[in-house]
Amino acid sequence: MNSRIKEYQSRLDRELRVVEKTDYVKIKVTSKLSIYDSRDRDYTLNVMRNISGFAIGKKKPVHLDLRTCNGMTAAAMVMLFAEISRAKLATGFDGIVKLFLPEDEHPFRQMLKNSGWEHAVLISQERLQELVDENRLFQSNNNPNDSMRAVYEQLTSQGINLDVPEVKKFTKGVSEAMLNVINHAYDNEAEPLSGIGRRWWQACYVKSTSENRKKMVFIIYDLGQGILSSLPNKGNESPEEHICRAMSYGVTRTGDPKRGKGSKDIEDAAQIREESVLLVGTNNVSYINWKDGKVYARQGILPFCGTIVEWQINL
């Protein structure tokens with residue numbers, strides 16, 4: 001890691017007010033948690049880095065203070081849910097991350113409660129499967145069949161009616177993202193992440209937009225090695241070139257001409273309705289297939305701790 005990145009992380013740590021005590025570390029979040037623009041993205045990724053670094057790397061309890069956090073997007077909620085539950089699974093200690101939240105009547109606290117996020121992050125490690133069984137918005141799983149059933153139930157319960165070709169394309173893309181976790185995300189580890197298994201975290205919901213339209217959102221996140229680590233660089237590719245090649249049809253590390261078609265399935269899932277968006281965040285790059293049909297790949301300073309895929313589909 002070069003000195004520029006170290007200095008940048010040090011500045012972000014100061015903004016986070018990271019204070020290491022003898023028997024715990026205090027992390028105070030004072031900004032918005034989001035991955036959609038560069039400033040929020042680096043701040044958010046630094047929060048995740050600190051949680052895993054202390055809770056798993058040092059086995060030191062983390063006191064995470066969200067009382068002055070001024071907002072958290074759905075993708076960031078999935079990522080924070082993942083880091084907290086991963087820490088519980090890896091250490092076997094449900095109290096490894098202690099949350100400090102605003103008062104009950106605070107709008108931010110109400111959002112965390114009403115969405116089911118608070119319930120998901122506070123549940124014990126042994127009860128994670130209940131989130132799937134109870135069809136909760138936030139879930140963690142390592143079984144694609146279970147997860148796809150849950151996604152279908154969540155969407156139908158919210159009155160979403162897609163036609164047969166749309167359902168086929170959407171489920172194929174989501175299934176491909178889940179299979180990528182199982183087949184690629186953790187294959188650099190004999191025992192993935194201290195025994196958490198080939199696990200991902202997800203959220204599926206429908207929201208209203210400012211134009212009085214509805215949007216279907218599905219987010220899946222793993223804590224594996226990242227796409228750019230799984231698919232070898234050709235030798236001189238920039239991160240932007242690397243991710244664009246990885247998302248190209250027919251590209252596979254296996255050399256098998258019958259493989260490498262999954263990225264198209266992931267892209268196609270975002271094309272079932274016009275003006276929809278696909279976001280992929282992995283390693284130190286973000287890949288966005290925007291609603292105007294253009295693709296944007298942007299390198300960041302801090303890396304993602306795994307890979308996040310988000311579909312925002314207009315209805």
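Look up: the structure comes first, before these words.
What counts and how
Residues numbered from 1 in each chain as written. Predicted model: local features only at pLDDT ≥ 70, side-chain atom pairs only at ≥ 80, totals over all residues. Heavy atoms only, no water. Salt bridge = Lys/Arg side-chain N within 4 Å of Asp/Glu carboxyl O. Helix = DSSP H or I, 4+ residues; strand = E, 2+ residues; numbered from the N terminus. Buried < 20%, exposed > 50% of the residue type's maximum accessible area, 1.4 Å probe, protein only. Axes fitted to C-alpha atoms, helices over the stretch in contact; angles between N-to-C directions. Left-handed = near helix turned anticlockwise from the far one by under 90°. Contact = heavy atoms within 4.5 Å. Nonpolar A, V, L, I, M, F, W, Y, C, P; charged D, E, K, R; others polar. Core = buried A, V, L, I, M, F, W, Y, C linked by side-chain atoms within 4.5 Å.

Caption draft 1: The arrangement of the pattern of salt bridges in detail. Taken as a whole and judged by the stated rule, the model has 20 salt bridges. Between Glu15 and Arg11 there is a salt bridge, with its nearest N and O atoms 3.5 Å apart. Of the two residues, Glu15 and Arg11 are both situated in helix α1 (residues 3–16); the distance of four residues between them amounts to about one turn of the helix. Salt-bridge contacts for Glu15 lead to Arg39; the nearest nitrogen and oxygen are separated by 2.2 Å. With Glu15 in helix α1 and Arg39 in helix α2 (residues 38–57), this residue pair connects regions lying 24 residues apart in the sequence. Its relative accessible area of 34% is what places Arg39 among the partly exposed residues. Overlapping salt bridges, with partners in common, bring together Asp104, Arg109, Lys113 and Glu118 in one network.

Caption draft 2: Representation of the packing of helix α7 (residues 144–157) against helix α8 (residues 164–185). Packing of α7 against α8 brings their axes to within 10 Å, and their N-to-C directions diverge by 145°. In the packing of α7 onto α8, the handedness of the crossing is right-handed. The residues of α8 that touch α7, namely those facing Pro144, Ser147, Met148, Val151 and Leu155, are Phe170, Thr171, Val174, Ser175, Met178, Leu179 and Ile182. Taken together, the residues of the contact of α7 with α8 sort by class into nine nonpolar, three polar and no charged.

Caption draft 3: View of the nonpolar core. Core analysis: the largest hydrophobic core is formed by 95 residues, its most contacted members being Leu64, Leu66, Leu80, Trp117, Phe170 and Trp311. Here the element with the most residues in this core is helix α3 (residues 74–91); it accounts for twelve residues. The residues contacting Leu64, other than those within four sequence positions of it, are Ile27, Val29, Ile51, Leu80, Ile84, Val97, Lys98, Leu99 and Phe100.

Caption draft 4: Spatial organisation of unusual backbone geometry. The phi angle at Arg17 is positive, at roughly 60°, despite the residue not being glycine. On the secondary structure map, Arg17 appears in the loop between α1 and β1 (19–20). The backbone of Lys59 shows a phi angle near 55°, a positive value even though the residue is not glycine. Turning to its location among the elements, Lys59 is positioned in the loop between α2 and β3 (62–65). Given a relative accessible area of 49%, Lys59 falls into the partly exposed group.

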